[in-house]
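Now for the letters of each chain:
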Amino acid sequence: ELSGIALEGAKKDRFNEIQQELAKLSTEFSNNMMDCTKAYSLKLTKKEEVAGLPESALGLAAQTAVSKGDNDATAENGPWVFTLDMPSYLPVQQHAKDRSLREKMY
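Residues numbered from 1 in each chain as written. Predicted model: local features only at pLDDT ≥ 70, side-chain atom pairs only at ≥ 80, totals over all residues. Heavy atoms only, no water.

J.: How would you explain helix α2 (residues 55–67) if you had to name every residue and give the values?
T.: With 13 residues, α2 should cover 18 Å at 1.5 Å per step; its first-to-last C-alpha distance of 18 Å lies within 8% of that length. Residues of α2 that are buried: A57, L58, A61, A62, T64 and A65. Looking straight down α2, one finds that the buried residues subtend no more than 160° of arc, so they occupy a single side. Of the residues in α2, the exposed ones pointing more than 90 degrees away from the buried face are S56, Q63 and S67. (Helix = DSSP H or I, 4+ residues; strand = E, 2+ residues; numbered from the N terminus. Expected span 1.5 Å × (residues − 1). Buried < 20%, exposed > 50% of the residue type's maximum accessible area, 1.4 Å probe, protein only. Arc of directions from axis to C-beta.)

Encoded structure:
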């Protein structure tokens, strides 16, 4: 009953239209969220801003900075670019000593 099986005629057609629209909107929402996630990045240049982050996270952030045009970026000296992709985001949330950095990334 809850999935529209008991409906007949025009009610069943309307139910199917709503289901199709819902599926379309759900896909569109997911795509928009993915676009926003991919578009966001945060560039940090001071060592104290990245205090507490593991070397692996700093290495990834430096690689991201290089890919965005900062060819001299290193894990040790930055600059570092963080994104909302989980390998970049999660270490910031788990290890960053700077609360304001965690809030910006959240």
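J.: Account for the pattern of salt bridges, naming residues and giving values.
T.: Within this structure, the stated rule accounts for four salt bridges. Notably, a salt bridge pairs R14 with E17, separated by 3.3 Å at the nearest N-O pair. Residue R14 and its partner E17 are located together in helix α1 (residues 9–39), separated by three residues, close to a single helical turn. A salt bridge links D85 to K38; the shortest N-O distance between them is 3.3 Å. Of this pair, D85 sits in the loop between β2 (80–83) and α3 (86–95) while K38 sits in helix α1, and the two are 47 residues apart along the sequence. (Salt bridge = Lys/Arg side-chain N within 4 Å of Asp/Glu carboxyl O.)

J.: Hey, could you go over the nonpolar core for me, with residue numbers and the actual values?
T.: Residues W80 and F82 are the most contacted members of the largest nonpolar core, which totals 18 residues. Among the elements of the structure, β1 (41–44), α2, β2, α3 and α4 (99–105) are those that each provide at least two residues to this core. At four residues, the largest contribution of residues to this core is made by α2. When near neighbours in sequence (up to four residues on either side) are disregarded, F82 contacts Y40, S41, L42, L44, V50, L53, A57, L58, A61, S88, V92 and M105. (Core = buried A, V, L, I, M, F, W, Y, C linked by side-chain atoms within 4.5 Å. Contact = heavy atoms within 4.5 Å.)

J.: Any chance you could break down the environment of W80 for me, citing the residues and the numbers?
T.: Among the structural elements, W80 can be located in strand β2. Residue W80 is classed as buried on the basis of its relative accessible area of 0%. Placed 38 residues apart in sequence, W80 and L42 show a C-alpha to C-alpha distance of 8.1 Å.

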